[in-house]
Amino acid sequence: MTKTVTVLENILNANDRIAASNRAQLDQADVFGLNVMASPGAGKTSVIEKMIAGLSQELRMAVIEGDLATSIDAERIEAMGAEAVQINTGGNCHLDAVMLQEALPHLTLEAIDLLVVENVGNLICPSNFTLGTHANVLIASVPEGADKPYKYPGMYRGVEVVILNKIDLLPYVPFDLDYFRQGVEILNPGVAVFPLSCRTGEGVQAWLDWVRLRVTVSVADKIPATRG
Ligand SMILES: Nc1nc2c(ncn2[C@@H]2O[C@H](COP(=O)(O)OP(=O)(O)O)[C@@H](O)[C@H]2O)c(=O)[nH]1
Ligand SMILES: [Mg+2]
């Protein structure tokens, strides 16, 4: 009789267990973790740079950068004045919970309120691997085309927020915003969508407001209720 080995399922179960332990570490230190996913070049690092510029007066931020190779993005983050840890996946197309587990000891979690994880640029694999962060963000961008929600449903289903970056290019690049929004809404009803431009700054404030609120609510959730 043929034996079937469910390798992928076992890998994902093991990943989830480590993700749970990562989450426990973050919770213990009152750190809110954000997993930022997108295709290469959509503007992940640019959005994180805007977050550092706009939020670091109020929130202590650190960034974990996931890339196949190089520390180019970590250097960009450090140039903005935030602490950065680079993970090189050596060919892997996504971060997984073990990689985050190995990166966390390089940070002083007690000195951080918001940990942003820039995942490897890819619209398929990262959505299959939980990291232990508290929210998943997907950054789409105008030049990629409005059909991406329909083509990459797994990614669009598994996120709490969708950013549409590079709206400064809308006058120059064909992009049907309604078609895009419809696709997002079908896959992920009610998901927050933030159209913005890192280039002009348009829409960035609304995104920063969401982050600020989300971090505050998360911390407030953990404060034990007082008895009257
Ligand atoms: N026109 C335009 N270009 C942008 C915008 N945001 C980022 N870019 C450019 O897009 C390219 C990729 O950005 P980057 O943040 O490195 O993307 P990542 O690979 O997803 O981290 C860079 O050349 C950025 O300058 C934007 O809002 N408008
Ligand atoms: Mg980047």
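You'll find the structure just up there.
Asker: I keep staring at the overall build of the protein and nothing clicks. Help me out?
Answerer: When you go through the protein residue by residue, the secondary structure sums to 8 helices and 7 strands. For 228 residues, the compact-globule formula gives about 17 Å, and the C-alpha radius of gyration of the protein, at 18 Å, lands near that figure. In terms of overall dimensions, the protein has a C-alpha envelope of 60 × 45 × 45 Å along the principal axes. A burial count over the protein gives 47% of its 228 residues as buried. For the protein, the proportion of contacts with a sequence separation of at least 24, taken over those separated by at least 6, is 73%. As displayed, the protein offers around 11,300 Å² of accessible surface, 54% of which is attributable to carbon and sulfur atoms. Within the protein, the 27 negative side-chain charges are centred at a point lying 4 Å from the centre of the 17 positive side-chain charges.

Asker: Any chance you could explain a nonpolar patch on the surface here in plain terms?
Answerer: There is a patch of nonpolar side chains on the surface, built from Val-7, Leu-8 and Ile-11 and spanning about 280 Å² of accessible area. By secondary structure assignment, the location of Leu-8 is in helix α1 (residues 7-28).

Asker: Sorry if this is basic, but what is going on with unusual backbone geometry here?
Answerer: Apart from glycine, the bulk of residues carry a negative phi angle, and the bulk of peptide bonds sit in the trans form. Phi angles above zero are rare outside glycine, and Asp-30 is one such case at about 55 degrees. By the element assignment, Asp-30 lies in the loop between α1 and β1 (32-38). Even without being a glycine, Thr-70 presents a positive backbone phi close to 75 degrees. Along the chain, the position of Thr-70 falls in the loop between β2 (61-67) and α3 (72-79).

Asker: Please clarify how the side chain of His-134 should be interpreted in this entry.
Answerer: The residue His-134 is located in the loop between β4 (114-118) and β5 (135-141) in this model. In this structure the side chain of His-134 is engaged in a polar contact, spanning 2.7 Å, whose partner is the side chain of Asp-27. Every residue in contact with His-134, bar those within four places of it in the chain, is listed here: Arg-23, Leu-26, Asp-27, Val-31, Phe-32, Gly-33, Glu-160 and Arg-214.

Asker: It is not clear to me how the coordination of the magnesium ion (ligand 2) should be interpreted in this structure. Could you clarify?
Answerer: In a perfect tetrahedron of four donors around a metal, the angles come out at 109.5 degrees. In a perfect octahedron of six, they are 90 or 180 degrees. Those donors, Thr-45 (OG1), Asp-73 (OD) and Glu-118 (OE), are the protein atoms that reach the magnesium ion (ligand 2), and they lie 2.1 to 2.2 Å from it. Of note, the donors binding the magnesium ion (ligand 2) are all from one chain and are spaced T-x27-D-x44-E. Here Thr-45, found in helix α2 (residues 44-55), pairs with Asp-73, found in helix α3; they are 28 residues apart in sequence, far enough to count as distant. The pair formed by Thr-45 and Asp-73 is uniform in burial state, with each residue classed as buried.

Asker: Help me understand the site of ligand 1, please; the structure alone is not making it clear to me.
Answerer: Close to ligand 1 lie 16 residues; Lys-44, Ser-46, Arg-76, Asp-168 and Cys-198 are nearest. The contact in question runs from an oxygen atom of ligand 1 to an N or O atom on the side chain of Arg-76, over 2.8 Å. If ligand 1 stood free it would expose 580 Å²; the protein chains cover 71% of that surface. The dominant element in the shell around ligand 1, judged by the number of residues it contributes, is α2, at 3 residues.

Asker: Which parts of the structure should I look at to understand the sheet that holds β5?
Answerer: Within a sheet, adjacent strands bond to each other through the backbone by hydrogen bonds, running parallel or antiparallel. Read across the sheet, 7 strands follow the order β3-β2-β4-β1-β5-β6-β7 without closing on themselves; strand pairing throughout is parallel. The open sheet is flanked by β3 (83-88) and β7 (192-195), the only strands paired with a single partner. On average, adjacent strands in this sheet sit at an angle of 20 degrees to one another, irrespective of strand direction. Here 5 bridges tie β5 to strand β6 (residues 161-165), and the two strands are oriented parallel to one another. Across the sheet, residue Ile-139 finds its bridge partner in β6, namely Ile-163. α3 rests against β2, β3 and β4 of the sheet, and its axis sits at about 175 degrees to β3.

Conventions adopted
Residues numbered from 1 in each chain as written. Chains lettered and ligands numbered in written order. Predicted model: local features only at pLDDT ≥ 70, side-chain atom pairs only at ≥ 80, totals over all residues. Heavy atoms only, no water. Helix = DSSP H or I, 4+ residues; strand = E, 2+ residues; numbered from the N terminus. Rg over C-alpha atoms; globule rule 2.2 N^0.38 Å. Buried < 20%, exposed > 50% of the residue type's maximum accessible area, 1.4 Å probe, protein only. Contact = heavy atoms within 4.5 Å. Areas by Shrake-Rupley, 256 points an atom, 1.4 Å probe, with all protein chains shown as cover. Lys, Arg positive; Asp, Glu negative; His and termini not counted. Charge placed at Lys NZ, Arg CZ, Asp CG, Glu CD. Patch = residues over 30% accessible without salt bridge, like charges linked within 9 Å, V, L, I, M, F, W, Y side chains within 5 Å. Salt bridge = Lys/Arg side-chain N within 4 Å of Asp/Glu carboxyl O. Polar contact = N/O pair within 3.5 Å; in protein donor to acceptor, adjacent residues only side chain to side chain. Donors = N, O, S within 2.8 Å, 3.2 Å for Na, K, Ca; no water. Near = heavy atom within 4 Å. Pairing = 2+ DSSP bridges. Axes fitted to C-alpha atoms, helices over the stretch in contact; angles between N-to-C directions.

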